Amino acid sequence: MGIRLLLYVLVSGLTLYCFFIYEDPVLSGLLAAEGLCLILVLVQVLVLWKKIQPSLLPVLPLAEKNQKIPVKMKIQNRSRMPVFRFRIRLTAENQFTGEKQKLFTGGSLKPKEEKIISLGLAAGECGSIRIRLEKVEVYDCLSLLKLSWRENQSRKAGILPKCHILPLEITRRTREFVADAEEYSDRESGEDPAEIYQIREYREQDSLHDIHWKLSAKEEELLVKEHGKPLGCAVLLWIDLEKTGGRKREKQKHPSASLLEAAASLSLSLLEEKCVHMAAWYEKENHRVVKKRIGREEHIYEFLNRILYAELYDSREEAGQLREEAFRGIVFSTVVEFGLTGTVTVNGEIQARIPPSPGEEDWNQMLLTV
């Protein structure tokens, strides 16, 4: 556009020069036509500036790592004149890794036409991706002038991590840990004598200590008590979303890219060992600590679906206070903390580090003891 406008100015200048040098009515008409043309293209871009309406359509809320995400936009020409050329710029930023991508698209529009434009966005590492429609440019029919304006439309998409089975050592402390809880399971019995799960008929393998003597005498048959199973958790997975700062995350890989993948993999590995646990993190936008009990595989995806949209924070003091209040009086056998710096801390001691871009072999070497 710049070269065309420069050529137009040079030609107009040459015409003006000739107009003063030579007395020719053709030059007068040509100079008037050039001036009128400039006014018309200026009016055209001003009208289109008011009549072009772009909108970013909803995207898939969840996608898998390294999958292509379809990004769709609707653009309307509400004027009665054609749009010979427009250009749109979008950006996509992963809130966990800081990785940024720029997307460009463009085209033309007929009068009163509406178009749906589709682009493919590479999902990359897991985390929350914010897709922004940032800038729109409209050109005149000769591409001499353009008008651009900023848009503030955005959508979010969550990129699910791949879960791996980690080499895991469950200590005796965790195996035998009796978690206190106010709620008890309504699906299975446990070992807590403070709560009765159900009364049933006596079987040969039952202990005499479990016989309900009073009810057995009333019913004239041996009945036993099955104890309740508290819905407490032995292990806490704390996902620390505090900003690390001091680095250009978009230019290099960083362990934060694999933070959620490591946390989800440990969660799945604990379930494989029949270890009920809890995932928790500080949610900046709601100023609260979110706790999710994980006893089945679907619980992992429920917790990921929420944490993927959590924002990073820098208010360590507030997060620390709310965490202390949320877990006051609650005891765990093991506390595993994941940090954006890539450290995995177990009960206060660094036990492993998350590599920036781990392969399957790296996950197989990530031995944790809980």
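The coordinates are above.
What you are looking at is a predicted structure, and each value in this text was computed from that prediction instead of being measured. Along each chain, residues carry numbers from 1 onward, in the same order as the chain's sequence is written. Selection of residues for local features in this predicted model requires a pLDDT of at least 70, selection of side-chain atom pairs for listing and counting requires 80 or more, and totals for whole chains, interfaces and linings are taken over all residues. In computing side-chain values, all of the structure's heavy atoms are included and hydrogens and water are not.

> Break down the sheet that holds strand β4 (residues 83-94) for me, with residues and values.
Pairing between two strands is assigned when DSSP locates at least 2 bridges connecting them. Only runs of H or I of at least four residues qualify as helices and only runs of E of at least two qualify as strands under DSSP, and these elements are numbered from the N terminus. The five strands lie next to each other as β2-β8-β7-β4-β5, forming an open sheet whose pairing is mixed. Every interior strand has two partners, whereas the edge strands, β2 (62-64) and β5 (100-109), have only one. Neighbour to neighbour, the strand axes of the sheet diverge by 30° on average, direction disregarded. In this structure, β2 lies alongside strand β8 (residues 146-160), joined through three bridges in parallel fashion. Considered in β8, the bridge of E64 is made with L160. Axis definition: a line fitted to C-alpha atoms, over the contacting stretch in the case of helices. Angles run 0 to 180 degrees between N-to-C directions.

> Describe the packing of aromatic side chains, with residues and values.
The criterion for an aromatic pair is that two Phe, Tyr or Trp rings (for Trp, the six-membered ring) have centres within 6.5 Å, with stacked assigned to planes under 30 degrees apart, edge-to-face to planes over 60 apart and tilted to the rest. Tallied over the entire structure, the rule returns four aromatic pairs. Taken together, a centroid distance of 6.5 Å and an interplanar angle of 80° make the contact between W238 and F327 edge-to-face. Of the two residues, W238 is situated in strand β12 (residues 235-239) and F327 in the loop between α7 (316-326) and β15 (334-338); the sequence distance between them amounts to 89 residues. W238 gets classed as buried once you look at its relative accessible area, which sits at 3%. Buried means the residue's accessible area, taken with a 1.4 Å probe over protein chains only, is under 20% of the maximum for its type, while exposed means over 50%, and partly exposed covers the values in between. Using a relative accessible area of 10% as the deciding quantity, one classes F327 as buried. Measuring from ring centre to ring centre gives 5.8 Å for F327 and F332, while their planes differ by 70°; the resulting arrangement is edge-to-face. Exposure class is identical for F327 and F332. Each is buried.

> Hey, could you go over helix α5 (residues 259-272) for me, with residue numbers and the actual values?
Expected span, for any helix, means 1.5 Å times one less than how many residues it has. The end-to-end C-alpha distance of α5 is 20 Å, a good match for the 20 Å that 14 residues give at a rise of 1.5 Å each. With 13 of 14 residues buried, α5 lies mostly within the body of the structure. Positive backbone phi, approximately 60°, marks K274, located one or two places after α5.

> Could you give me a rundown of helix α6 (residues 297-307), with the residues and numbers involved?
Quick reminder: α-helices carry 3.6 residues per turn. Residues three or four places apart thus point the same way. Three or more residues of α6 are buried, namely H299, I300, F303, L304 and I307. Axial view of α6: buried residues confined to an arc of 140°, hence all on one face. Note on contacts: a residue pair is in contact if any heavy atoms of the two residues lie within 4.5 Å. Those residues of α6 hidden inside the fold are in contact with β8, β12, α5, β13 (277-283) and β14 (288-294). An arc is given here, and it is the one of the directions from the helix axis to the C-beta atoms.

> Summarise the sheet that holds strand β1 (residues 52-56); cite the residues concerned and give the values.
Strand order in the open sheet formed by three strands is β1-β3-β6, and the pairing between neighbours is antiparallel. Each having just a single partner strand, β1 and β6 (114-122) make up the two edges of the open sheet. Within this sheet the neighbouring strands show an average axis-to-axis angle of 20°, counted without direction. For β1 and strand β3 (residues 68-77), the ladder comprises five bridges, and the chain directions are antiparallel. Residue pairing for β3: I52 is matched across the bridge by N77.

> Describe the pattern of salt bridges, naming the residues involved and giving the relevant values.
Note on definitions: salt bridges are taken to be side-chain nitrogens of Lys or Arg within 4 Å of carboxyl oxygens of Asp or Glu. Going through the model one piece at a time under the given rule, you end up with seven salt bridges. A single salt-bridge network, built from bridges that share partners, covers R87, K135 and E137.

> If you had to explain a positive patch on the surface to someone new, which residues and values would you point to?
Taken together, the side chains of K51, R78, R80 and K112 present a region of like positive charge at the surface. Secondary-structure assignment places K51 in helix α2 (residues 25-51). Here the term patch refers to residues with relative accessible area over 30% and no salt bridge, with like charges joined within 9 Å and nonpolar side chains (Val, Leu, Ile, Met, Phe, Trp, Tyr) within 5 Å. Values of accessible area rely on a 1.4 Å probe in the Shrake-Rupley scheme; residue burial ignores everything except the protein chains shown. In this tally, Lys and Arg are treated as positive and Asp and Glu as negative; His is ignored, and so are the chain termini. All charge positions are set by atom: Lys at NZ, Arg at CZ, Asp at CG, Glu at CD.

> Which residues make up the nonpolar core, and what are the values?
Put simply, buried Ala, Val, Leu, Ile, Met, Phe, Trp, Tyr and Cys residues joined by side-chain atoms within 4.5 Å make one nonpolar core. Grouped together as the largest cluster of nonpolar side chains are 56 residues, with contacts concentrated most on I239, L241 and F338. Secondary structure elements with two or more residues in this core: β12, α5, β13, β14, α6, β15 and β16 (343-346). The element best represented in this core is α5, accounting for nine residues. Apart from the residues lying within four places of it in its own chain, the contact partners of L241 are F96, L259, W281, Y282, I307, A310, E311, L312, Y313 and L340. One finds I52, M73, I131 and V138 within the second-largest nonpolar core, a separate group that totals 28 residues.

> Please set out empty space enclosed by the protein residue by residue, giving values where relevant.
The method works on a 1 Å grid over the protein atoms by themselves. A cavity is a set of points holding a 1.4 Å probe that cannot get out, a pocket is an open set with protein on both sides within 12 Å along at least five of seven lines, and residues with an atom within 4 Å of a point line them. Grid points are joined across faces, edges and corners, and a volume is the space filled by probe spheres set on the points. Under the defined criterion, the tally for this structure stands at one cavity of 30 Å³ or more. There is about 40 Å³ of room inside the largest cavity. A92, E93, N94, E99, Q101, A123 and I129 together form the lining of the largest cavity. Of the residues forming the lining of the largest cavity, the biggest block, three residues, is contributed by β4. Residue type decides the class: Asp, Glu, Lys and Arg count as charged, Ala, Val, Leu, Ile, Met, Phe, Trp, Tyr, Cys and Pro as nonpolar, and the leftover types, Gly among them, as polar. Of the residues in the lining of the largest cavity, the class split is three nonpolar, two polar and two charged.

> Residue-level account of the pairing of β15, with values.
β15 sits mainly inside the fold: four of its five residues count as buried. Bridge analysis of β12 against β15 gives five bridges, and the strand direction is parallel. Bridging from a neighbouring strand, L236 pairs with V335 of β15. Sheet topology places β15 next to β16; three bridges connect them, and they run antiparallel. Paired with F338 across the strands is V344, a residue of β16. Between the end of β15 and the start of β16, which pair antiparallel, lie four residues, with G342 showing a positive phi angle near 100°.

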